[in-house]
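In case you want the letters, here they are:
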Amino acid sequence: MSINTAFTETGGVHRIGGFGIRCVMGGRESGQRLSLVEHPLAPHALAAPLHRHSREDEFSYVLRGRVGAKLGDRVVYGEAGDLIVKPRGEWHTFWNAGDEEASLLEVISPAGFERYFEELIAVLADGGPDPEKIGPIAARYSLELDPSTIPDLCQEFGLTFG
């Protein structure tokens with residue numbers, strides 16, 4: 001199996017601070033039905049600000065460690081073997097809630113959102129997180145981000161970001 005992009009051909013983990021991204025399978029292999037992305041997380045690392053997708057549902061299967069997630073107004077925790085469901089349209093985020101590295105396998109349906117990560121990695125390679133560059137990428141994928149939530153999430157759950 002091969003995927004025709006530099007991001008997915010390497011199969012390696014790309015790190016953005018304590019948040020890792022590794023494309024396991026892109027839409028090409030699944031007829032655009034789903035993609036699989038692994039997210040390793042450093043201890044107490046916040047993956048993203050609160051955000052929501054208008055086109056994709058996400059299913060986070062915890063591979064190792066303890067993962068916390070904010071789903072709307074609810075906070076849930078999952079450990080190895082647990083599944084956290086993040087339906088489209090719902091504000092959410094997730095983080096490593098433990099002292100050891102955690103990892104989850106993100107099943108994204110339908111496929112296509114894995115390309116957001118590819119574009120994000122390319123932009124971040126040119127410097128730090130620049131909202132003027134990230135905003136248009138998020139808009140292309142109908143992703144709403146609320147960066148103003150980062151400080152409160154970090155304080156409330158004892159996390160670091162970036």
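Quick look at the structure, then. Fair warning: this is a prediction, and the values are worked out from it, not measured in the lab. (Residues numbered from 1 in each chain as written. Predicted model: local features only at pLDDT ≥ 70, side-chain atom pairs only at ≥ 80, totals over all residues. Heavy atoms only, no water.)

1. Description of the overall build of the protein
Secondary structure assignment for the protein yields 4 helices and 11 strands. At 15 Å, the protein has a C-alpha radius of gyration in line with the 15 Å of a compact globule built from 162 residues. Across its three principal axes, the protein shows a C-alpha extent of roughly 40 × 35 × 30 Å. Residues classed as buried in the protein amount to 45% of the 162 residues present. (Helix = DSSP H or I, 4+ residues; strand = E, 2+ residues; numbered from the N terminus. Rg over C-alpha atoms; globule rule 2.2 N^0.38 Å. Buried < 20%, exposed > 50% of the residue type's maximum accessible area, 1.4 Å probe, protein only.)

2. Quick look at the packing of aromatic side chains
Per the counting criterion, the structure on display carries 8 aromatic pairs. Plain terms: the ring middles of F113 and F117 are 5.4 Å apart, the flat faces sit at 85° to each other, and that makes the pair edge-to-face. What makes F117 buried here is its relative accessible area of 6%. Taken together through their ring pairs, the aromatic side chains of F113, Y116, F117 and Y141 make up a single cluster. Geometry around Y77 places R66 over its ring, the cationic atom sitting 4.2 Å from the centre. (Phe/Tyr/Trp six-rings, centres within 6.5 Å; stacked < 30°, edge-to-face > 60°. Lys NZ or Arg CZ within 6 Å of the ring centre and 35° of its normal.)

3. Re the sheet that holds strand β8 (residues 83–86)
Taken in spatial order, the 6 strands of this open sheet run β1-β2-β3-β10-β5-β8, and their pairing is antiparallel. Edge positions in the open sheet fall to β1 (14–16) and β8, since each of these has one partner strand only. In this sheet, neighbouring strand axes are inclined to one another by 25° on average, regardless of whether the strands run parallel or antiparallel. The pairing of strand β3 (residues 35–41) with strand β10 (residues 102–109) spans 7 bridges and is antiparallel. Opposite V37, over in β10, you have E106 as the bridge partner. (Pairing = 2+ DSSP bridges. Axes fitted to C-alpha atoms, helices over the stretch in contact; angles between N-to-C directions.)

4. Thoughts on the pairing of strand β6 (residues 66–71)
Among the 6 residues of β6, 5 are classified as buried, and the element is accordingly described as predominantly covered. Strand direction decides the pairing type here: β6 and strand β7 (residues 74–79), joined by 6 bridges, are antiparallel. Counterpart to L71 in the pairing with β7 is R74. As consecutive antiparallel partners, β6 and β7 are separated by 2 residues, and within that stretch G72 has a phi angle of approximately 65°, a positive value. Examined bridge by bridge, β6 and strand β9 (residues 92–96) share 5 bridges and lie antiparallel to one another. The partner of G68 across the bridge, within β9, is W95.

5. A few points about the side chain of T93
Its location among the elements puts T93 in strand β9. A distance of 2.4 Å separates the side chain of T93 from the backbone oxygen of A48, its partner in a polar contact. Residues in contact with T93, not counting those within four places in the same chain, are L46, A48, P49, L50, H51, G68, A69, K70 and L153. (Polar contact = N/O pair within 3.5 Å; in protein donor to acceptor, adjacent residues only side chain to side chain. Contact = heavy atoms within 4.5 Å.)

6. Regarding helix α2 (residues 114–125)
Here α2 contains 12 residues, and its C-alpha end-to-end distance of 17 Å stays within 8% of the 16 Å for a straight helix at 1.5 Å per residue. E114, Y116, F117, L120, I121, V123 and L124 are the residues of α2 that are buried. (Expected span 1.5 Å × (residues − 1).)

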